[in-house]
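Commentary on secondary and tertiary structure
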Amino acid sequence: MTAREALAESERRLAAAGVETPRVDAEWLVAHVLGTTRSGLAARLDDEVAGLEQLLARREAREPLAYVLGEWDFRRLPLKTDARALVPRPETETLVERALALADGIERPRILDVGVGSGAIALALKDERSDAQVTGVDVSADALALAAENADRLGLTVELRHGDGAAAAAEGWDVVVANPPYVDDLEDVQPELGWEPEVALLGSGEHERLARAARAQFVVFEVGDGQADQVAAVLERLGYAEVTITADLTGRARVVEGRLP
Ligand SMILES: C[S@@+](CC[C@H](N)C(=O)[O-])C[C@H]1O[C@@H](n2cnc3c(N)ncnc32)[C@H](O)[C@@H]1O
C-alpha cells in the first residue's frame, strides 16, 4: 500500500472509530512508520508503507495518539509517553510559562513540581531555566520511572521523589507548580482518557490541599476548564496575594497563581 492509500484508509477507519481528528491522526501514524514528519509526508506519498496496521488498530481502539507513537513534544522537549503517566497537554505549556515568569529574577530558584507524571513540567523548567533546582514528586512509582527515563534521555538533572505532594510542598520552595488531578468522574469523557492512569485524572480539592500546605513564595496551578474562579477564590481566602488567572492558547482560563505574603 502506498502512503497515499494508507492515509485515505487510516482516515476512513479513524473517522468510523469516532476519533475527533481522523486526518491529522492518520498523517501522524503514516509519517511515523515512514520515519518522517507530517510535513515531510507530501514528498513520500508514493512510498510503500509497512507496519501501520498494529498502530492503526491501537488508535482505532481510542488509545491516545501519544501512547501509540511513544513520543510526544512538550515545549522544546521530545518526551517518551506511555500508559505509566498522563499525556502532556498543550495547556500545561502555559503553566510552565507562568512558573518561569514567577521564577524570573530569583537566583537558582528552588522549584517543586507536584505530580511530576512523565516529567513534562519539571524537565521543561530545567531545560529552560538551567540554574533552577527542580524537584518532582509523585505518588505513582510508574510515573516516576517514566520521568526518570525522560530525564536520562534528555540529559536533564532533576530530583525525583516518591511521596505525597502536599507534604513535599510544605518543605519551603521558591515556586510550587502543580497540575494535580482535577476530574470529578470519568463518565461522559472521551474514550482516550480511559487509557490514562486514574490517579493522574481523578481528584477534587487537590488545589486547596496544596495551597494550604505550601510554604513557597509562589504557587501556580493548572485547573480544569471552568475551575479557575473557584481556585482563585480559594487562594484569596487562604491569604495569597496577587492572585492571577491566565488563559491558555485557546483562550480558556486554565492557570491560577498566587504569592504568599
Ligand atoms: C494531571 S497528572 C500531571 C502529570 C504531569 N505533571 C503533566 O502535567 O503532564 C497528575 C499527577 O499527580 C500525581 N498525583 C496524584 N495524587 C498525588 C499526590 N497526592 N501527591 C503527589 N502526586 C500525586 C499522579 O500520579 C499524576 O502523575
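Everything discussed here concerns the structure shown above.
Along every chain, residues carry numbers that run from 1 in the direction the sequence is written. Only residues with pLDDT of 70 or above have their local features reported here, since the model is predicted, and side-chain atom pairs are shown and tallied only from 80 upward, although totals for entire chains, interfaces and linings are computed over all residues. Where side-chain values are given, they derive from all heavy atoms of the structure, hydrogens and water being excluded.

Let's shift gears to the pairing of strand S5 (residues 159–162). In this analysis, strands are considered paired if DSSP registers two or more bridges between them. Working definition: helices are DSSP H or I runs of at least four residues, strands are E runs of at least two. Numbering for both runs from the N terminus. Relative to S5, strand S4 (residues 133–138) runs parallel, the two sharing four bridges. Bridge pairing in S5 links Val-137 to Arg-161. In this view, the connection linking S4 to its parallel neighbour S5 by way of helix H7 (residues 141–154) has right-handed handedness. The definition of a right-handed crossover adopted here requires that, viewed with the strands pointing away, the path from the first strand over the helix to the second runs clockwise.

This part is about the site of the ligand. Distances are taken per atom, and a residue is near a molecule or strand as soon as one of its heavy atoms is within 4 Å of it. Residues in contact with the ligand amount to 19 residues; listed here are only the nearest, Gly-115, Asp-138, Asp-164, Gly-165 and Asn-179. Here a polar contact is recorded for every N or O atom pair within 3.5 Å, except that within protein the pair must consist of a potential hydrogen donor and a potential acceptor, and residues adjacent in sequence are included only if both atoms are side-chain atoms. In this structure, an oxygen atom belonging to the ligand sits 2.9 Å away from a side-chain N or O atom of Asn-179. In this description, accessible areas are obtained by the Shrake-Rupley approach with a 1.4 Å probe, and a residue is regarded as covered only by the protein chains that are shown. Protein coverage of the free-state accessible area of the ligand, which is 590 Å², stands at 93%. Looking at the shell around the ligand, its residues break down into nine nonpolar, seven polar and three charged. Ten residues, namely Ala, Val, Leu, Ile, Met, Phe, Trp, Tyr, Cys and Pro, are considered nonpolar, four, namely Asp, Glu, Lys and Arg, are considered charged, and the remaining ones, Gly among them, are considered polar.

Centre distance within 6.5 Å is the pairing criterion for rings of Phe, Tyr and Trp, where only the six-membered ring of Trp is used; planes under 30 degrees apart are then read as stacked, over 60 as edge-to-face, and the remainder as tilted. Inspection of the entire model under this criterion finds one aromatic pair. Between the aromatic rings of Trp-28 and Trp-72, the centroid separation amounts to 5.5 Å while the plane-to-plane angle is 40 degrees, which identifies the pairing as tilted. One end of the pair, Trp-28, is in helix H2 (residues 22–34); the other, Trp-72, is in strand S1 (residues 71–74), and 44 residues separate them in sequence. Per-residue accessibility, obtained with a 1.4 Å probe over protein chains only, is compared with the maximum for each type, and a residue is labelled buried under 20%, exposed over 50%, and partly exposed between these values. In this structure Trp-72 comes out as partly exposed when scored by relative accessible area, which is 24%. Only when the NZ atom of a Lys or the CZ atom of an Arg is both within 6 Å of the ring centre and within 35 degrees of the ring normal do we say a charge sits over the ring. The ring of Trp-173 has Arg-110 sitting right over it, with the charged end atom 4.5 Å from the ring centre.

Residues qualify for a patch when their relative accessible area is over 30% and they have no salt bridge, like charges being joined within 9 Å and the nonpolar side chains of Val, Leu, Ile, Met, Phe, Trp and Tyr within 5 Å. The salt bridge definition used is simple: a Lys or Arg side-chain nitrogen within 4 Å of an Asp or Glu carboxyl oxygen. For this count, His and the chain ends are skipped, Lys and Arg are scored as positive, and Asp and Glu as negative. Where a charge lies is defined by one atom per residue type: Lys uses NZ, Arg uses CZ, Asp uses CG and Glu uses CD. A surface patch of like charges, here negative, comprises Asp-184, Asp-185, Glu-187 and Asp-188. By the element assignment, Glu-187 lies in the loop between strand S6 (173–178) and helix H9 (198–201).

Here we take up the environment of Leu-144. Looking at the secondary structure, you find Leu-144 in helix H7. Leu-144 sits in the buried class, given a relative accessible area of 11%. Leu-144 sits 27 residues away from Gly-117 along the chain, and the two C-alpha atoms are 6.5 Å apart. Leave out the neighbours within four places in its chain, and Leu-144 touches Val-116, Gly-136, Asp-138, Leu-160, Arg-161 and His-162. Contacts were defined at the residue level, with two residues in contact if any of their heavy atoms lie within 4.5 Å.

Strand order in this open sheet of seven strands is S5-S4-S3-S6-S7-S9-S8, and the pairing throughout is mixed. Edge positions in the sheet fall to S5 and strand S8 (241–247), since each of these pairs with one other strand and no more. The average angle at which neighbouring strand axes cross in this sheet is 15 degrees, direction not considered. Direction of pairing for strand S3 (residues 110–114) relative to S6: parallel, over a ladder of four bridges. Bridge pairing in S6 links Val-114 to Ala-178. Where helix H5 (residues 91–103) meets the sheet, it contacts S3, S6, strand S7 (216–222), S8 and strand S9 (253–259), and its direction lies at approximately 165 degrees from that of S7. An axis is simply a line fitted to the C-alpha atoms; with a helix, the fit covers only the stretch in contact. Between two such axes, the angle follows the N-to-C directions and lies from 0 to 180 degrees.

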